[in-house]
Amino acid sequence: MNTDTPHLSPAQIYQRLLGYVKPYWLVFIASVLAMLVSAATETSLAAMMKPLMDGSFVDRDPTIIKLMPIVLIGIFLLRGAASFLTTYGLGWISRNIVKNIRAEMFQNLIGLPTAYYDHNTSGQLMAKLIYDVEQVADATTRAILVLIRDSLTILGLLAWMFYLNGKLSLIILITAPLTALLVYKISYRFRRLSKNIQQSVGDVGHISSEVIKGHREVKIFGSQQYEYYRFEQINQRNRRQMMKMISTDATSQPIIELISVLGLAGVIYFATRPEMLEQITVGTFISFITAMFMLLTPIKRITKINSGLQRGIAAAQSIFSLLDQQSELDTGSYKLAQAKGDIRYDKVSFIYDEAKGNVLSNVSFHAKAGQTIAFVGHSGSGKSTLVSLLPRFYHPSSGTISLDGINITDFPLADLRQHISLVNQQVILFNDTIRNNIAYGTHDNIGDSDIITAAKSAYAWDFIQAMPQGLDTLIGENGLLLSGGQRQRIAIARALLRNTPILILDEATASLDSKSERHIQAALDNLMQARTTLVIAHRLSTIEKADCIIVIHNGHIMESGTHAELLAKKSHYAELHRLQFQDSPA
Ligand SMILES: Nc1ncnc2c1ncn2[C@@H]1O[C@H](COP(=O)(O)OP(=O)(O)OP(=O)(O)O)[C@@H](O)[C@H]1O
Ligand SMILES: [Mg+2]
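Conventions adopted
Residues numbered from 1 in each chain as written. Chains lettered and ligands numbered in written order. Predicted model: local features only at pLDDT ≥ 70, side-chain atom pairs only at ≥ 80, totals over all residues. Helix = DSSP H or I, 4+ residues; strand = E, 2+ residues; numbered from the N terminus. Rg over C-alpha atoms; globule rule 2.2 N^0.38 Å. Buried ≥ 20, exposed ≤ 12 C-beta atoms within 10 Å, placed from the backbone. Contact = placed C-beta atoms within 7 Å. Core = buried A, V, L, I, M, F, W, Y, C linked by C-beta atoms within 7 Å. Near = placed C-beta within 6 Å. Nonpolar A, V, L, I, M, F, W, Y, C, P; charged D, E, K, R; others polar. Pairing = 2+ DSSP bridges. Axes fitted to C-alpha atoms, helices over the stretch in contact; angles between N-to-C directions. pLDDT = per-residue confidence, 0-100. Parallel < 35°, antiparallel > 145°, perpendicular 65-115°, else oblique. Left-handed = near helix turned anticlockwise from the far one by under 90°. Domains from an automatic or database assignment. Expected span 1.5 Å × (residues − 1). Bend = angle between axes of the 7 residues up to and from the residue.

Trainee: Explain the overall build of the protein chain here, please?
Mentor: A tally of regular secondary structure across the protein chain gives 20 helices and 10 strands. Here the C-alpha radius of gyration of the protein chain, 35 Å, is well above what a compact globule of 586 residues would show, namely 25 Å. Taking the principal axes of the C-alpha coordinates as reference, the protein chain spans close to 120 × 50 × 50 Å. When each of the 586 residues of the protein chain is scored for burial, the buried share is 34%. Of the contacts formed within the protein chain by residues at least 6 apart in sequence, a portion of 81% connects residues at least 24 apart.

Trainee: Is there a simple way to explain the nonpolar core in this structure?
Mentor: Within soluble globular proteins, side chains that are nonpolar generally end up buried alongside one another. Core analysis: the largest hydrophobic core is formed by 63 residues, its most contacted members being Ala-374, Ile-438, Ala-458, Ile-492, Ala-493 and Ile-549. The leading source of residues in this core is helix 17 (residues 484–498), at 7 residues. The next biggest cluster of nonpolar side chains, apart from the first, holds 43 residues, and it includes Ala-46, Leu-157, Met-294 and Leu-322.

Trainee: What exactly am I supposed to notice about the site of ligand 1 here?
Mentor: Near ligand 1 you find Asp-118, Tyr-352, Asp-353, Val-359, Gly-377, Ser-379, Gly-380, Ser-381, Gly-382, Lys-383, Ser-384 and Thr-385, and these make up its full shell. With 3 residues, the top contributor of residues to the shell around ligand 1 is helix 12 (residues 383–388). Taken together, the residues of the shell around ligand 1 sort by class into 2 nonpolar, 7 polar and 3 charged.

Trainee: Teacher, can you tell me more about the sheet that holds strand 8 (residues 532–536) here?
Mentor: Each strand in a sheet pairs with another by means of backbone hydrogen bonds, the pair being arranged parallel or else antiparallel. Pairing in this open sheet of 6 strands is mixed, and the strands run 6-7-8-3-9-10 from one edge to the other. The sheet is open, and its two edges are formed by strand 6 (420–423) and strand 10 (556–561), each paired on a single side. Each strand of the sheet is rotated relative to its neighbour by a mean of 20°, with strand direction disregarded. Summarising the sheet, strand 9 (residues 548–553) and strand 10 pair through 5 bridges and their orientation is antiparallel. From the neighbouring strand, His-553 faces strand 10, where its bridge partner is His-556. In the packing of helix 17 onto the sheet, the strands contacted are strand 6 and strand 7 (502–506), and the crossing angle to strand 6 comes to about 175°.

Trainee: What should I look at first to understand the sheet that holds strand 4 (residues 398–403) in this one?
Mentor: If you walk across this open sheet you meet the 4 strands as 2-1-4-5, and the pairing is antiparallel. In this open sheet, the two edge strands, each paired with only one partner strand, are strand 2 (358–367) and strand 5 (406–407). Pairing of strand 1 (residues 343–351) with strand 4 involves 5 bridges; the strand directions are antiparallel. Within the sheet, the bridge partner assigned to Ile-343 lies in strand 4 and is Leu-403.

Trainee: Hey, could you run me through the confidence of the model for the protein chain in this one?
Mentor: Detailed reading of predicted coordinates is not advised where the pLDDT is low. Scored by pLDDT, the protein chain has a mean of 85; 96% of the residues are at 70 or more. This model gives residues 1–5 a pLDDT under 50, and the stretch forms 7 contacts once residues within four places in sequence are excluded.

Trainee: So what exactly am I meant to see when it comes to the packing of helix 5 (residues 122–164) against helix 7 (residues 176–213) here?
Mentor: Each pair of packed helices can be described by the angle between their axes along with the distance between the axes. Two numbers describe how helix 5 lies on helix 7: the axes approach to 7 Å, and their chain directions differ by 125°. The angle between helix 5 and helix 7 falls in the class oblique. In this structure, helix 5 meets helix 7 at a crossing whose hand is right-handed. Each of Ser-122, Gly-123, Gln-124, Met-126, Ala-127, Tyr-131 and Asp-132 in helix 5 lies in contact with helix 7, whose residues at this interface are Gln-198, Val-201, Gly-202, Gly-205, His-206, Ile-207, Ser-208 and Ser-209. Residue classes in the contact of helix 5 with helix 7 are distributed as 5 nonpolar, 9 polar and 1 charged.

Trainee: Hey, could you run me through the domain arrangement of the protein chain in this one?
Mentor: Frequently, the measure chosen for interface size is the accessible area removed from exposure when the parts meet. One can read the domain layout of the protein chain as domain 1 (10–323) and domain 2 (336–416 + 542–586). Inter-centroid distance (C-alpha atoms) of domain 1 to domain 2 is 59 Å.

Trainee: Can you walk me through the pairing of strand 7 in this structure?
Mentor: The side chains of a regular strand alternate, residue by residue, between the two faces of the sheet. Most of strand 7 sits out of view: 4 of its 5 residues are buried. Both strand 6 and strand 7 contribute to a ladder of 4 bridges, which runs parallel. Paired with Ile-420 across the bridge in strand 7 is Ile-502. One ladder, built from 5 bridges, connects strand 7 with strand 8; its direction is parallel. What sits directly across from Asp-506, in strand 8, is Ile-536.

Trainee: What should I look at first to understand helix 3 (residues 62–110) in this one?
Mentor: Since the α-helix advances by 3.6 residues per turn, residues separated by three or four positions end up pointing in the same direction. For helix 3, built from 49 residues, the straight-helix expectation of 72 Å at 1.5 Å per residue is met to within 8% by its first-to-last C-alpha distance of 73 Å. If you look at helix 3, its biggest bend is around 35°, right at Met-68, and the proline Pro-69 turns up within four residues after that. The set of residues buried in helix 3 consists of Ala-82, Thr-86, Gly-89, Leu-90, Ile-93, Ser-94, Ile-97 and Ile-101. On the buried face of helix 3, the contacting elements are helix 1 (10–21), helix 2 (25–58), helix 5 and helix 11 (282–323).

Trainee: Please explain the packing of helix 3 against helix 5 as it appears in this structure.
Mentor: Helix 5 packs onto helix 3 with a crossing angle of 155° between their chain directions and a minimal axis gap of 9 Å. Relative to helix 5, the element helix 3 lies roughly antiparallel. The way helix 3 lies across helix 5 gives a crossing that is right-handed. Of the residues in helix 5, those in contact with Thr-86, Leu-90, Gly-91, Ser-94, Ile-97, Val-98, Ile-101, Arg-102, Met-105 and Leu-109 of helix 3 are Leu-125, Lys-128, Leu-129, Val-133, Val-136, Ala-137, Thr-140, Thr-141, Ile-144, Leu-145 and Arg-149. Of the residues in the contact of helix 3 with helix 5, the class split is 13 nonpolar, 5 polar and 3 charged.

Trainee: Help me understand the environment of Ile-557, please; the structure alone is not making it clear to me.
Mentor: Relative to the assigned elements, Ile-557 resides in strand 10. Along the sequence, Ile-557 and Thr-141 sit 416 residues apart, while their C-alpha atoms lie 60 Å from each other. In contact with Ile-557, not counting residues within four places along its chain, are Val-363, Phe-365, Ile-550 and Ile-552.

See the structure below:
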């Protein structure tokens with residue numbers, strides 16, 4: 001899944017960005033008006049040259065001599081106020097846009113299907129949220145500011161020049177198409193480079209986040225050099241792309257200036273011809289030349305802003321491609337206030353990836369309300385996949401899954417999920433207090449007494465109590481300050497508090513010493529009471545009491561029955577059981 005395919009043309013992107021500006025149109029118009037004032041003051045500076053020269057030096061007009069300094073101060077005061085208004089107004093708009101786009105991206109992100117996360121790294125996604133959005137901010141302020149204010153300035157100055165002398169002004173205009181062509185060519189290159197730069201910023205984010213999360217692995221495998229090398233390559237690529245951008249920018253600047261100066265030289269040549277000199281006064285001449293020199297700066301800025309603008313477009317493209325991702329399919333409308341927990345899988349097949357074929361084929365089973373169904377099977381046989389279909393993390397490619405007799409796709413996602421608790425293979429906790437981690441996802445006001453009861457049933461209260469800050473203890477990113485077994489018990493307490501009719505347990509008892517395992521087993525027994533439970537456990541001892549044990553092999557149901565039935569059959573399960581108890585005498 002390539003998420004950055006440009007599916008929008010630059011024109012469409014502008015249009016969409018403009019949509020974000022819409023709510024702030026009043027401020028926008030005020031800013032544009034202020035820019036108009038800025039441009040007018042600029043032109044009036046050039047215009048002042050004429051009376052200044054003719055009035056003071058040629059005619060020696062005393063009123064003009066007295067007036068000029070005051071007018072000058074006045075113009076600059078006006079200019080200052082206008083400049084403040086523009087910068088502040090546009091800045092305000094752009095920061096609001098950034099906030100809105102970020103919020104929209106975040107909201108969209110948490111609603112995306114699980115498969116999207118499988119195919120995009122967290123570093124890449126974070127780069128979009130952090131880097132790309134800032135690029136758009138830049139395009140919407142600086143670029144728009146320059147684009148509008150400087151175009152107005154150029155227009156004002158040109159108008160003044162035409163007013164002074166039409167023929168001379170025409171010479172300047174001849175250079176315009178040449179400049180336009182050049183700018184057009186460069187834009188394309190800028191946009192392409194910007195896309196590469198974004199990608200490389202994403203890669204930087206990706207590798208660093210992997211190394212930060214996996215720092216223990218990096219240390220124990222001594223792979224610092226390797227990671228450094230990997231990072232260095234991406235870092236280099238980022239620098240190379242940046243340099244290409246800079247060199248394009250650096251070459252285009254002097255070329256555009258050269259074109260402008262050609263026009264300037266032409267004007268000076270023609271203006272100083274004797275027949276021309278007779279027509280114009282000193283004031284007109286100076287004023288014209290001043291206006292012309294004043295044109296250079298905004299022209300330069302406008303062509304320079306191109307890179308920022310193109311960066312903004314490329315970034316907006318990446319942002320919109322995220323925003324346009326289909327969120328999870330959620331069309332159901334059937335509400336179920338209280339589920340009984342009767343679950344039925346009917347000929348369910350599933351494919352992650354067409355090339356790899358079926359991960360699950362024709363799986364059917366029935367869990368009556370309150371029953372415990374256990375799944376065993378080799379690693380990679382499809383157990384986790386099977387249970388992940390129930391909360392609709394993925395959708396069966398064929399077959400149906402029903403809850404209380406109703407197809408699960410008929411429920412709104414949130415409604416379906418509110419009936420399910422999940423204690424996963426990897427326990428995920430949040431960097432927050434123990435209290436908030438246990439109460440995570442409970443919407444009503446949960447009191448400490450409920451939390452403590454849950455913690456006690458989860459055999460977690462003893463260690464929580466022993467901590468100096470008790471429930472207020474902060475547990476670090478992903479609960480890193482807790483032991484593995486403690487983390488699991490927090491996860492169990494969380495599920496207990498949530499108190500849903502359905503529970504999914506994925507190998508919650510793996511890799512623990514026997515004392516912790518006894519604790520956790522006891523906690524799980526509490527949790528599984530009076531709930532429909534789908535449990536995956538590699539430790540067969542934990543599922544002997546299950547109502548039904550289903551052996552999964554390569555995505556098929558190989559056999560099923562109670563512990564006693566399966567043992568009596570001398571089946572595959574019996575073999576697994578024999579092996580495990582041989583390997584690990586408990
Ligand atoms: N997100 C995914 N995208 C693509 N393929 C996947 C994904 N998750 C798992 N698979 C593949 O699907 C198959 C079943 O994986 P699954 O995680 O369901 O196995 P499992 O029975 O839970 O194994 P284990 O006992 O090791 O946890 C494996 O071959 C795996 O490579
Ligand atoms: Mg698994």
